[in-house]
Amino acid sequence: MKPRVRFAPSPTGYLHIGGARTALFNWLYARHTGGTFVLRIEDTDAARNSQEAVDVILDGLRWLGLDWDEGPLTGDATGPSKGDCGPYFQSQRKANYQRRVEALLSRDLAYEHEGAIKFRMSREITVMQDLIKGEVRRELTDREAVDPDFVIMRSDGQPVFHLVNVIDDLEMNITHVIRGEDHLINTTKHIALFNAFGVKPPQYAHIPLILNGDGSKMSKRDQGASLSSYTEGGFLPEAVINYISLLGWSPKENREKMSLAETIERFDLPQILKHNARFDYEKLLWLQGEYARETTSNRFYELAVHAFAKAGVDTNQFPLDFVKAALDTCKGKFRTFNELPAYAGFYFTDIIEIDAEAAKKDFVPENKPRLEKLRDAFNAAPVFDSASLESALKETAKTLGVKAGVLVHPCRLAVTGKTSGPSLYHLLQVLGKERVMARIEKAIQTIA
RNA sequence: GACCCUAUGGUCUAGCGGUUAGGACACCUCCCUUUCACGGAGGUAGCCCGGGUUCGAUUCCCGGUAGGGUCGCCA
């Protein structure tokens, strides 16, 4: 039988990076084995659910490219879905839970207590086989020793997580439960419930957690905790996927940067690590830079233009050829697209901001005649292209008896306002003679 | 407090009963270069501690310590 796995998030208004990684591992396992990836929304807690919160999850998974074979098509709990095991919203499965609870009640496997329904839990030591952790023997905690039974239906008639999770996994024929290690201890309850329903439990694979860089628990507000920090942070989904796939899983053979196809090919449960991983933002940035460098032209332009738009710069005000040429000089030189407006904003404004520190160093009196000479040389260049400008600058430097860098730095500062950026000669060509001459002239004027 | 999981450089990891303990990110140096980035060449840095098993433990076992998780009419 082909594996059936599921990602069963609760709509809380954001998608945690750890949740995204759980979804990824489930998805990878399904794709690797030719199995089925089911998306189920655990919205039993009506108080904190909304369609918007569900959309955050659906949009996040779509952005990552984690398509589901069964599950909702929209964030509307009563809306359309695909697959034969629906509804895929727990809020729409009340009747199933009710029926199951009654079955337990009738067999005295559950009982009413203060209006709630409690499940009769065994006091025996539970031994379970986890695909990742191996054999886990669980004794009762001190509280469980007092009362091992647990609530499966609240006094207001709402079913509780443990119950619905098990019933849905059972009714959706889930074969492998791949979930965070925070559920490891819950598993004894789940196995007991499966047994009570007379069904063999699925196989469990508890994956390690993702912690902050300092080893503390990663909560909502921490850097990188929410998937939205990447979707809005100028990241490429393939970079995020690649990075989180490496957290708690190893492809062996010293591989780091891998295509999705290769990850699917290599992914399997036995290679999942047992220990938690810390989130390393720098390494993510490195992968992001690698992938950004490789983006195809049109996608690159699209993402770049979007990044400028977010920063309040409408590149559509400029000729398309100019925009493309400008962006071409930036490719491979930054990491997240959100860095781009600061990196290349000088192309799209006439009011450039000059780095004050750099100005103190480069806009000094002795550089004034040099910049004037350079201006004249540029002005006299037969063609205003990178090659001509480069030779014009180098000739000027030679004439002045200085190294090229002596002219390069003030020139860059004059036309971009910054000390680093795209290749100087290329950016000069893209900027065009008119803008370049004006900016150099302006810089000359500011020097006493 | 009880119960559970885990432990290789700062981080992600490979690995093994005998290895110069490998790779990647980050960091440092140098080269390339107009800057930055890329690329290239080097470098600093690691098997948590204590017992045991063994001719020999980073590797196997036990204990400790540390980190993480769970103990809800949340999911």
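Residues numbered from 1 in each chain as written. Chains lettered and ligands numbered in written order. Predicted model: local features only at pLDDT ≥ 70, side-chain atom pairs only at ≥ 80, totals over all residues. Heavy atoms only, no water.

A word on the layout of surface pockets
Formally: Put plainly, a pocket is an open set of points on a 1 Å grid over the protein atoms alone with protein on both sides within 12 Å along at least five of seven lines, a cavity is a set where a 1.4 Å probe fits but cannot get out, and a lining residue has an atom within 4 Å of a point. Grid points are joined across faces, edges and corners, and a volume is the space filled by probe spheres set on the points. Put simply, DSSP H or I for four residues or longer makes a helix, DSSP E for two residues or longer makes a strand, and each gets a number counted from the N terminus. Each residue gets one label: Ala, Val, Leu, Ile, Met, Phe, Trp, Tyr, Cys and Pro are nonpolar, Asp, Glu, Lys and Arg are charged, and the others, such as Gly, are polar.
In this model, the largest pocket occupies a volume close to 1100 Å³. As for the largest pocket, its lining consists of 39 residues, and the residues nearest its centre are Ser-10, His-16, Gly-19, Asp-182 and His-183. Contributing elements (two or more residues each) for the lining of the largest pocket: strand E1 (4–7), helix H1 (17–33), helix H5 (161–171), strand E10 (176–180) and strand E12 (210–211). In terms of residue count, the dominant contributor to the lining of the largest pocket is H1 (5 residues). Per-class residue counts for the lining of the largest pocket are 16 nonpolar, 13 polar and 10 charged. The space that makes up the second largest pocket amounts to roughly 320 Å³. Contributing elements (two or more residues each) for the lining of the second largest pocket: strand E7 (126–130), H5, helix H6 (186–196) and strand E11 (203–207). Ranked by residues supplied to the lining of the second largest pocket, first place goes to E7 with 3 residues. In terms of residue class, the lining of the second largest pocket is made up of 12 nonpolar, 4 polar and 2 charged.

So, the side chain of Arg-4
The condition that has to hold: Counting of polar contacts relies on pairs of N or O atoms within 3.5 Å, with two restrictions inside protein: one atom must be capable of donating a hydrogen and the other of accepting it, and residues adjacent in sequence are counted only when both atoms are side-chain atoms. The contact definition used throughout considers only heavy atoms, calling two residues in contact when any of these lie within 4.5 Å.
Here Arg-4 shows up in strand E1. There is a polar contact of 2.9 Å between the side chain of Arg-4 and the side chain of Glu-70. The residues contacting Arg-4, other than those within four sequence positions of it, are Thr-36, Val-38, Glu-70, Cys-85, Met-172, Asn-173, Ile-174, Thr-175 and His-176.

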